[in-house]
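One letter stands for each residue in the lines below.
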Amino acid sequence: MRVGVLTGGGDCPGLNAVIRAIVRKGVQEYGYEFTGFRDGWHGPLEGDSVPLDIPAVRGILPRGGTILGSSRTNPLKAENGVRRVKENLAKYEVDALVAIGGEDTLGVATALSDEYGVPCVGVPKTIDNDLAATDYTFGFDTAVNIATEAIDRLHTTAESHMRVLVVEVMGRHAGWIALHSGLAGGANAILIPEQRFDLDQVCAWVESRFKIRYAPIVVVAEGAMPKDGDMVLKDQTLDSFGHVRLSGVGEWLAKEIERRTGKEARTTVLGHVQRGGTPSAFDRWLATRFGLHAIDAVRDQDWGKMVALRGTEIVRVPLRDATTQLKTVDPRLYTEAGVFFG
Ligand code: F6P
């Protein structure tokens, strides 16, 4: 048995831990051989591969990024994409594919598996934590820790200058990073895409914070939108899955707060810092367990499945369940956090 492995979409801490677990268990316990495909779906599409064996995965557990590289290539949009993927799998004598990715990468794996008979198993990754059918994706915990540390640091500088600090975090159309880091960092307002925000209300929270001589920190998710108006975007470019590049709301919000309240406001956009560097212990644990269970799914020829976390158990769910709908923040969780606003 030869198994292909790829990592697609935005990278995140923990990808290497999954690859290591898949290869270690696959070689040691099942005698499998592996082919690493470079740069997500670009690898099987173009026949771009790297050798993947136990020496190749030594020492990579704590390393951020992915030794296989990543991209947002969509083979379903490429000319004869499915045919080319199948031909390359046959050329490399790959019997099964493990795709490690988020909504887009796993969406391709779903189509290849369910519609074109390519034997695929999925592993959910993304800092955004927006994949349905799993309680958590790896990468999210690390991103939340990085954002929380940034908020802690911004509190002290905001206090020294008595100014507003707006922190823009990633998360695409889900507010998980904003909610978790905002709560952990004691933000005075958390704005998420799931709930349009009222600028008057945000300014009132800011003012009330100054009244008690504290400087406000506003955490805003990159996909958050004002009640009256559209998403604020710096850039309209679409990727090959049709997504716009988010970011810009933080700058816009600071200007509006400054204009309306007369208080000085600055923005910090955390950006890719949230995705870089070594994974947290939780993400190493989760990623490793996902890898171990993914190779078991391959052994069982349980195609079209994704490994998922339910409580503390790793289970298998249909890939389709994870990719047809986004997991967004439950309004009750957001309401709960409201105690600390203002
Ligand atoms: O999906 C992960 C993510 O980091 C999002 O939070 C963000 O919107 C996007 O990827 C950024 O993508 P890129 O790396 O292409 O700028």
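Because the structure is predicted, anything quoted here is derived from the model rather than measured.

Participant: I'd like a rundown of helix α1 (residues 15-30), residues and numbers included.
Facilitator: Taking 1.5 Å of rise per residue, 16 residues should cover 22 Å, and α1 covers 22 Å from first to last C-alpha, within 8% of that figure. The complete set of buried residues in α1 reads Leu15, Asn16, Ala17, Val18, Ile19, Ala21, Ile22, Val23, Lys25 and Gly26. The positive-phi residue at the C-terminal boundary of α1 is Gly31, with phi of around 70°.

Participant: I'd like to hear about the sheet that holds strand β9 (residues 265-269), residue by residue, with values.
Facilitator: The sheet built from four strands is open, its strands ordered β7-β8-β6-β9 with parallel pairing. If you trace the sheet from one side to the other, it starts and ends with β7 (189-191) and β9, each paired once. Looking at each pair of strands side by side, their axes are set apart by 20° on average, direction ignored. In the sheet, strand β6 (residues 164-169) pairs with β9 via five bridges, with the strands oriented parallel. Within β9, the position partnered with Glu168 by the bridge is Val269. Those strands touched by helix α6 (residues 140-161) are β6, β8 (217-221) and β9, and its axis lies near 165° from that of β6. Of the strands in this sheet, β6, β7, β8 and β9 are in contact with helix α9 (residues 249-261), which crosses β6 at around 160°.

Participant: Can you break down the site of the ligand residue by residue, with the values?
Facilitator: Inspection of the region around the ligand gives Arg72, Ile127, Asp128, Met170, Gly171, Arg172, Glu222, His272 and Arg275 as its neighbouring residues. Within the side chain of Arg72, an N or O atom sits 2.8 Å from an oxygen atom of the ligand. In this structure, His272 approaches the ligand through a side-chain N or O atom, which is 2.9 Å from an oxygen atom. Taken together, the residues of the shell around the ligand break down into two nonpolar, two polar and five charged.

Participant: Can you explain the packing of helix α8 (residues 199-211) against α9? Please cite residues and give values.
Facilitator: For the pair α8 and α9, the least separation of the axes is 10 Å and the interaxial angle reads 70°. As judged from the angle between their axes, α8 and α9 are roughly perpendicular. At the point where α8 passes α9, the crossing takes the right-handed sense. On α9, the residues touching Leu199, Asp200, Val202, Cys203, Val206 and Glu207 of α8 are Trp252, Leu253, Glu256, Ile257, Arg260 and Thr261. In terms of residue class, the contact of α8 with α9 is made up of seven nonpolar, one polar and four charged.

Participant: Let's hear about the nonpolar core: which residues, and what values?
Facilitator: By size, the foremost hydrophobic cluster in this structure holds 83 residues, and its most contacted members are Ile100, Phe138 and Leu191. Per-element tally for this core: the top contributor is α6, with eight residues. Apart from the residues lying within four places of it in its own chain, the contact partners of Leu191 are Ala178, Phe197, Val202, Trp205, Val218, Val219, Val220, Ala221, Ala224, Leu253 and Tyr334. Formed by 24 residues, the second largest nonpolar core is a distinct cluster that contains Val85, Val94, Phe241 and Met306.

Participant: Can you break down the pattern of salt bridges residue by residue, with the values?
Facilitator: Enumeration over the complete set of coordinates arrives at 22 salt bridges. A salt bridge links Asp296 to Lys25; the nearest nitrogen and oxygen atoms lie 3.1 Å apart. With Asp296 in helix α10 (residues 281-299) and Lys25 in helix α1, this pair connects stretches of sequence that are 271 residues apart. Residues Asp296 and Lys25 agree in their burial class; the two are buried. Arg38 is the partner of Asp48 in a salt bridge, and the nearest nitrogen-oxygen pair spans 3.1 Å. Here the residue Asp48 occupies a position in the loop between α2 (42-46) and β3 (49-52), and Arg38 occupies one in the loop between β2 (33-37) and α2, the gap between them amounting to 10 residues. Assessed through its relative accessible area of 22%, Asp48 is described here as partly exposed. On the basis of relative accessible area, Arg38 is assigned to the partly exposed category, the value being 35%.

Participant: Residue-level account of the packing of aromatic side chains, with values.
Facilitator: Across all of its chains, the model carries nine aromatic pairs by this definition. Residues Phe282 and Trp285 carry aromatic rings whose centres are separated by 5.5 Å and whose planes lie at 40° to one another, so their mutual orientation is tilted. Highlighted residues: Phe282 and Trp285, both in helix α10, separated by three residues, approximately one helical turn. You can call Phe282 partly exposed: its relative accessible area is 32%. Since its relative accessible area comes to 36%, Trp285 is described here as partly exposed.

Participant: An account of the sheet that holds strand β4 (residues 96-101) is needed here, citing residue identities and associated values.
Facilitator: If you trace the seven strands from one edge of the open sheet to the other, you get β3-β2-β1-β4-β5-β10-β11, paired in mixed fashion. Here the strands that pair on one side only, and so sit at the sheet edges, are β3 and β11 (313-318). Taken over all neighbouring pairs, the strand axes of this sheet differ in orientation by 30° on average, direction set aside. Across five bridges, β4 lies against strand β5 (residues 120-124) in parallel orientation. From the neighbouring strand, Val98 faces β5, where its bridge partner is Val121.

Participant: So what about unusual backbone geometry? Which residues, and what values?
Facilitator: The phi dihedral of Asn129 falls on the positive side, at around 55°, and the residue is not glycine. By secondary structure assignment, the location of Asn129 is in the loop between β5 and α6. A positive phi angle is found at Arg172, which is not glycine, with a value near 55°. Take Arg172: it is sitting in the loop between β6 and α7 (176-184).

What counts and what doesn't
Residues numbered from 1 in each chain as written. Predicted model: local features only at pLDDT ≥ 70, side-chain atom pairs only at ≥ 80, totals over all residues. Heavy atoms only, no water. Helix = DSSP H or I, 4+ residues; strand = E, 2+ residues; numbered from the N terminus. Expected span 1.5 Å × (residues − 1). Buried < 20%, exposed > 50% of the residue type's maximum accessible area, 1.4 Å probe, protein only. Pairing = 2+ DSSP bridges. Axes fitted to C-alpha atoms, helices over the stretch in contact; angles between N-to-C directions. Contact = heavy atoms within 4.5 Å. Near = heavy atom within 4 Å. Polar contact = N/O pair within 3.5 Å; in protein donor to acceptor, adjacent residues only side chain to side chain. Nonpolar A, V, L, I, M, F, W, Y, C, P; charged D, E, K, R; others polar. Parallel < 35°, antiparallel > 145°, perpendicular 65-115°, else oblique. Left-handed = near helix turned anticlockwise from the far one by under 90°. Core = buried A, V, L, I, M, F, W, Y, C linked by side-chain atoms within 4.5 Å. Salt bridge = Lys/Arg side-chain N within 4 Å of Asp/Glu carboxyl O. Phe/Tyr/Trp six-rings, centres within 6.5 Å; stacked < 30°, edge-to-face > 60°.

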